[in-house]
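Given next are the chains, with one letter for each unit.
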Amino acid sequence: MKKYFSLFSVFSRQSLKSFAIYRATAVITATFGVLFFTVECILGMVLFSLTDDIVGYSFQDYLLMISVASLITYLYQFFFASAHENLAEVILEGELDTVLLRPVNSLYYYSCFRQDYSCIINVLVVIPFIVGLYIQYNVFSIFNIIVFLLFIILAVLCVYIVNQLFVTLVFFFENSTRLLGLSEYLYDVATRPIAIYPKAIIKVLMYVVPYGFVTNMSWQILIRGVPVTAFIFLALWDVLGLMLANALWNKGIKKYVSSN
């Protein structure tokens with residue numbers, strides 16, 4: 001385990017150096033992240049200008065939900081997105097050799113080999129927004145905050161697992177690259193009050209690809225706490241998802257063809 005922490009530390013330093021070299025690109029990326037978040041807030045203003053309540057959500061609820069959903073997205077992008085963006089192409093072009101030859105878990109190595117420090121800017125923007133909204137509810141609870149932070153970790157891991165599963169399909173089906181954007185689309189769909197969708201879609205977003213569970217449950221932990229069963233469900237989903245991702249990765253490696 002110590003070996004993997006040391007490896008992650010090396011990756012982080014390398015990523016930070018890359019961030020320092022390409023500062024302009026990082027700032028542009030962060031700016032677009034802030035703009036997209038701003039657009040979501042404006043959309044909420046438009047929707048709630050016509051009504052005070054949407055399936056039980058107030059405007060303040062909506063803002064807190066999209067803020068927490070954005071936080072989860074930015075944390076995923078910081079830790080894993082850079083690797084996932086390139087992995088499908090690396091697999092198809094047979095350039096995975098240097099990873100497979102290293103004496104470490106290849107899935108861990110590739111998943112964590114690059115961090116996107118430009119996303120930290122977005123995280124630092126959205127956290128004060130969440131804190132400000134939370135204060136307005138006047139329901140401060142240290143226990144809820146701790147559970148919320150733990151739930152965020154599980155939520156980020158959930159987003160990683162779903163994206164990893166989609167990318168791993170490239171080992172088996174070359175045309176599956178068309179599905180790589182599906183995860184992002186599903187997450188965008190889930191950043192809305194889940195009750196507005198038909199029951200079939202709700203079940204998919206709550207239990208199969210639990211983005212709706214993540215986005216609609218996480219913000220409520222701060223305000224109302226969370227049922228133990230909900231926390232256990234996401235933890236179990238993550239554990240089973242990691243096992244499936246690892247199993248598919250190992251099977252995929254057997255089908256991998258090197259360019260050399």
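In this text, all values refer to a predicted model and were calculated from it rather than measured experimentally.

Draft legend 1. View of the overall build of the chain. Regarding its fold elements, the chain presents eleven helices and zero strands. Starting at the N terminus, the α and β elements of the chain follow one another as α-α-α-α-α-α-α-α-α-α-α. Burial analysis of the chain (260 residues in total) assigns 46% to the buried set. Across the chain, every contact between residues at least 6 apart in sequence was considered, and the portion connecting residues at least 24 apart equals 79%.

Draft legend 2. Region of interest: helix H10 (residues 211-224). Helix length check: H10, at 14 residues, gives a terminal C-alpha distance of 20 Å against a target of 20 Å (1.5 Å per residue), a fit within 8%. The axis of H10 is deflected most strongly, by about 25 degrees, at Met217. Of the positions making up H10, those classed as buried are Tyr211, Gly212, Phe213, Val214, Thr215, Asn216, Met217, Ser218, Trp219, Ile221, Leu222 and Ile223. Packed against the buried residues of H10 are helix H3 (59-92), helix H6 (118-137), helix H7 (142-168), helix H8 (182-190), helix H9 (199-208) and helix H11 (228-255). Within two residues after H10, Gly225 carries a phi angle of roughly 80 degrees, on the positive side.

Draft legend 3. Layout of the packing of aromatic side chains. Following the criterion strictly, the structure yields 15 aromatic pairs and no others. With centroids separated by 6.0 Å and ring planes inclined at 40 degrees, the aromatic side chains of Phe79 and Phe80 adopt a geometry described as tilted. Owing to a relative accessible area of 28%, Phe79 belongs among the partly exposed residues under this scheme. Its relative accessible area of 13% is what places Phe80 among the buried residues. Seen in terms of ring centroids, Phe80 and Tyr160 are 4.4 Å apart; in terms of plane orientation they differ by 35 degrees. Their pairing is tilted. Taken as a pair, Phe80 in helix H3 and Tyr160 in helix H7 lie far apart in primary sequence, 80 residues in all. The same class applies to Phe80 as to Tyr160, namely buried. The rings of Tyr76, Phe78, Phe79, Phe80, Tyr117 and Tyr160 are connected pair by pair, giving a single aromatic cluster.

Draft legend 4. Structural detail: the environment of Ser67. Relative to the helices and strands, Ser67 resides in helix H3. Beyond its immediate stretch of four places on either side in the chain, Ser67 contacts Phe37, Val126, Phe129, Ile130 and Leu133. A polar contact is formed between the side chain of Ser67 and the backbone oxygen of Leu63, at a distance of 2.6 Å.

Draft legend 5. Geometry of the nonpolar core. Within the largest apolar cluster, 77 residues are counted, with the highest numbers of intra-cluster contacts made by Leu64, Val68, Ile72, Leu96, Tyr110, Tyr211 and Trp219. Residue contributions to this core peak at 19 residues, all from H3. For Leu64, the residues in contact, after removing those within four places along its chain, are Ile130, Leu133, Tyr137, Trp219 and Ile223.

Draft legend 6. Summary view of the side chain of Asp61. Within the fold, Asp61 resides in helix H3. Put simply, Asp61 is tucked away with no salt bridge, and the nearest opposite charge, on Arg224, sits 4.5 Å away. Among the polar contacts made by the side chain of Asp61, one reaches the side chain of Tyr137 at a distance of 2.5 Å. Look past the residues within four positions of Asp61 in its chain and what remains in contact with it is Gly56, Tyr137 and Trp219.

Draft legend 7. Quick peek at the side chain of Ser218. Inspection of the secondary structure puts Ser218 in helix H10. The class for Ser218 is buried, based on a relative accessible area of 0%. Among the polar contacts listed, one links the side chain of Ser218 to the backbone oxygen of Val214, at a separation of 2.7 Å. Leaving out residues up to four positions away in the same chain, Ser218 has contacts with Val68, Ile72, Phe148, Phe151, Ile152 and Phe213.

Conventions used here
Residues numbered from 1 in each chain as written. Predicted model: local features only at pLDDT ≥ 70, side-chain atom pairs only at ≥ 80, totals over all residues. Heavy atoms only, no water. Helix = DSSP H or I, 4+ residues; strand = E, 2+ residues; numbered from the N terminus. Buried < 20%, exposed > 50% of the residue type's maximum accessible area, 1.4 Å probe, protein only. Contact = heavy atoms within 4.5 Å. Expected span 1.5 Å × (residues − 1). Bend = angle between axes of the 7 residues up to and from the residue. Phe/Tyr/Trp six-rings, centres within 6.5 Å; stacked < 30°, edge-to-face > 60°. Polar contact = N/O pair within 3.5 Å; in protein donor to acceptor, adjacent residues only side chain to side chain. Core = buried A, V, L, I, M, F, W, Y, C linked by side-chain atoms within 4.5 Å. Lys, Arg positive; Asp, Glu negative; His and termini not counted. Salt bridge = Lys/Arg side-chain N within 4 Å of Asp/Glu carboxyl O.

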